[in-house]
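# Geometric and topological summary
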Amino acid sequence: MSLPPHARLANEIAIQFTHVPAARATAEIATHLHTFWEPRMVRDLLAYVDAGAHDLDPLAVAAAEQLRQPA
């Protein structure tokens with residue numbers, strides 16, 4: 001089964017930050033998602049996380065959760 005596009009992209013972004021400490025990686029991924037993704041893609045990612053997202057990179061999940069928090 002293939003991943004939906006938003007999940008695949010979030011995983012690809014997270015892979016780029018595996019060498020960075022987790023807290024900083026999470027913040028930078030969340031910033032990237034907020035800055036460059038359409039709101040619809042962010043909503044789809046958050047819905048995917050809510051549905052379980054067992055195949056999503058933990059950094060991507062943490063970044064998505066960070067997007068839920070007020071700026």
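Scroll up to find the structure this text is about.
As the structure is a computational prediction, the values presented were derived from the model and not from experiment.

We now examine the overall build of the protein. In terms of regular secondary structure, the protein is built from four helices and zero strands. Counting helices and strands in the order they occur from the N terminus, the protein gives α-α-α-α. Compactness check: the protein gives a C-alpha radius of gyration of 11 Å against a globular reference of 11 Å for 71 residues, within 12% of the reference. With respect to the principal axes defined by its C-alpha atoms, the protein has extents near 30 × 25 × 20 Å. Out of the 71 residues in the protein, the part that is buried amounts to 38%. Accessible area of the protein: about 4,600 Å², with a carbon and sulfur share of 60%. Looking at charge distribution, the protein has the averaged site of its 5 positive side-chain charges lying 4 Å from that of its 8 negative ones.

One can describe the packing of helix α3 (residues 39-50) onto helix α4 (residues 58-68) by two numbers: an axis separation of 10 Å at closest approach and a directional angle of 115°. Between α3 and α4, the crossing angle belongs to the class labelled roughly perpendicular. The two elements α3 and α4 cross, and the hand of that crossing is left-handed. Side by side, α3 and α4 meet where V42, L45, L46, V49 and D50 of the first sit next to V61, A64, E65, L67 and R68 of the second. Residue composition of the contact of α3 with α4, by class: seven nonpolar, no polar and three charged.

Procedures and definitions
- Residues numbered from 1 in each chain as written.
- Predicted model: local features only at pLDDT ≥ 70, side-chain atom pairs only at ≥ 80, totals over all residues.
- Heavy atoms only, no water.
- Helix = DSSP H or I, 4+ residues; strand = E, 2+ residues; numbered from the N terminus.
- Rg over C-alpha atoms; globule rule 2.2 N^0.38 Å.
- Buried < 20%, exposed > 50% of the residue type's maximum accessible area, 1.4 Å probe, protein only.
- Areas by Shrake-Rupley, 256 points an atom, 1.4 Å probe, with all protein chains shown as cover.
- Lys, Arg positive; Asp, Glu negative; His and termini not counted.
- Charge placed at Lys NZ, Arg CZ, Asp CG, Glu CD.
- Axes fitted to C-alpha atoms, helices over the stretch in contact; angles between N-to-C directions.
- Parallel < 35°, antiparallel > 145°, perpendicular 65-115°, else oblique.
- Left-handed = near helix turned anticlockwise from the far one by under 90°.
- Contact = heavy atoms within 4.5 Å.
- Nonpolar A, V, L, I, M, F, W, Y, C, P; charged D, E, K, R; others polar.

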